[in-house]
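What follows is each chain in one-letter form.
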Amino acid sequence: MRHIISLLLENEAGALSRVAGLFSARGYNIETLTVAPTEDVSLSRLTIVTKGGDDVIEQITKQLNKLIDVVKVVDLSEAAHIERELMLIKVRATGKDRDEMKRMADIFRGRIIDVTDSTYVIELTGTCSKLDSFIQAIDRGLILETVRTGVSGIGRGDRILKL
């Protein structure tokens, strides 16, 4: 099962490396990883998407809590949450494909943020499945380059990750 684990981490050199090392040492895969400073400059928020059964996720959570740089850990997947990912995709846009790419961007509520004579760069935000659906909906031969940020997530309502 897919899990989104979010944690507060001391904003120190090597902290991210220790978290990634924990996953690799135990043979756990990180599907996506995002990290950035929070409103508190001494802390960063790290969001990891991984797959595993409840026992594996429990083990990951326990091991993360043991790391000295980790302040707090929460599995966002356990309750209502919001998740988003950003994708920039450069596509070939010439002739009839130009109008088709514009139409597909509109259907998926994307924005064309760069235009040249032969390409568009389209910005899409949404769930992983929405971004995957966009890629499947267009001709793969038109895709020149794809960049994805990885998942960012936050609990809904009163559920917060804060000290």
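Residues numbered from 1 in each chain as written. Predicted model: local features only at pLDDT ≥ 70, side-chain atom pairs only at ≥ 80, totals over all residues. Heavy atoms only, no water.

### Here we look at the pattern of salt bridges
When the charged atoms of two side chains lie near each other, side chains of opposite charge can form a pair.
Then, number 1: For the structure shown, the criterion picks out twelve salt bridges.
Then, number 2: The salt bridge involving Asp97 is made with Lys96; its shortest N-O contact spans 3.4 Å.
Then, number 3: One network of salt bridges, in which partners are shared, links Glu85, Asp132 and Arg148. (Salt bridge = Lys/Arg side-chain N within 4 Å of Asp/Glu carboxyl O.)

### Topic: the nonpolar core
The nonpolar side chains of a soluble globular protein tend to be buried, and buried together.
Then, number 1: Met87, Ile89, Val91, Ile122, Leu124, Phe134 and Ile138 are the most contacted members of the largest nonpolar core, which totals 16 residues.
Then, number 2: Of all the secondary structure elements, the ones that give two or more residues to this core are strand S5 (81–92), helix H3 (96–107), strand S7 (119–126) and helix H4 (128–137).
Then, number 3: By size, the runner-up hydrophobic cluster in this structure holds 14 residues, among which are Phe23, Leu46, Ile48 and Leu64. (Core = buried A, V, L, I, M, F, W, Y, C linked by side-chain atoms within 4.5 Å. Buried < 20%, exposed > 50% of the residue type's maximum accessible area, 1.4 Å probe, protein only. Helix = DSSP H or I, 4+ residues; strand = E, 2+ residues; numbered from the N terminus.)

### Quick notes on a nonpolar patch on the surface
Then, number 1: On the surface, Leu88, Ile113 and Val147 cluster together into a nonpolar patch covering about 220 Å² of accessible area.
Then, number 2: Among the structural elements, Ile113 can be located in strand S6 (residues 111–115).
Then, number 3: Given a relative accessible area of 39%, Ile113 falls into the partly exposed group. (Patch = residues over 30% accessible without salt bridge, like charges linked within 9 Å, V, L, I, M, F, W, Y side chains within 5 Å. Areas by Shrake-Rupley, 256 points an atom, 1.4 Å probe, with all protein chains shown as cover.)

### Some details on unusual backbone geometry
Trans peptide bonds make up the majority, and among non-glycine residues the majority have a negative phi.
Then, number 1: Backbone geometry at Arg109 places phi at a positive 60°, although glycine is not the residue there.
Then, number 2: Look at Arg109 and you get exposed, because its relative accessible area is 73%.

### Description of the packing of aromatic side chains
Two descriptors summarise a pair of aromatic rings, namely the distance from one centre to the other and the angle between the planes of the rings.
Then, number 1: All chains considered together, the criterion is met by two aromatic pairs.
Then, number 2: Arranged with centres 5.2 Å apart and planes meeting at 85°, the rings of Phe108 and Phe134 form a pair that is edge-to-face. Of this pair, Phe108 sits in the loop between H3 and S6 while Phe134 sits in helix H4, and the two are 26 residues apart along the sequence. Comparing Phe108 with Phe134, the two get one shared label, buried. (Phe/Tyr/Trp six-rings, centres within 6.5 Å; stacked < 30°, edge-to-face > 60°.)

### Digging into H3
Then, number 1: An ideal rise of 1.5 Å per residue puts 16 Å on twelve residues; H3 measures up with 17 Å between its terminal C-alpha atoms.
Then, number 2: For H3, the set of buried residues is Asp97, Met101, Met104 and Ala105. Along the long axis of H3, the arc covered by the buried residues comes to 100°, so they all point the same way. Facing away from the buried surface of H3 by more than 90 degrees, the exposed residues are Lys96 and Asp99.
Then, number 3: Against the buried residues of H3 lie S5, S6, S7 and H4.
Then, number 4: Of the residues one or two after H3, Arg109 is the one with positive phi, at around 60°. (Expected span 1.5 Å × (residues − 1). Arc of directions from axis to C-beta. Contact = heavy atoms within 4.5 Å.)

### Re the sheet that holds strand S3 (residues 43–51)
Then, number 1: Taken in spatial order, the four strands of this open sheet run S2-S3-S1-S4, and their pairing is antiparallel. Two strands lie at the open edges of the sheet, namely strand S2 (32–37) and strand S4 (70–75), each paired on one side alone. This sheet shows a mean twist of 15° between the axes of neighbouring strands, independent of strand direction.
Then, number 2: Where strand S1 (residues 2–10) and S3 come together, nine bridges link them in antiparallel fashion. For Ile5, the partnering residue across the bridge sits in S3 and is Ile48.
Then, number 3: Together, S1, S3 and S4 form the strand contacts of helix H2 (residues 54–66), whose direction differs from that of S1 by roughly 5°. (Pairing = 2+ DSSP bridges. Axes fitted to C-alpha atoms, helices over the stretch in contact; angles between N-to-C directions.)

Just geometry here; none of it tells us what the structure is for.
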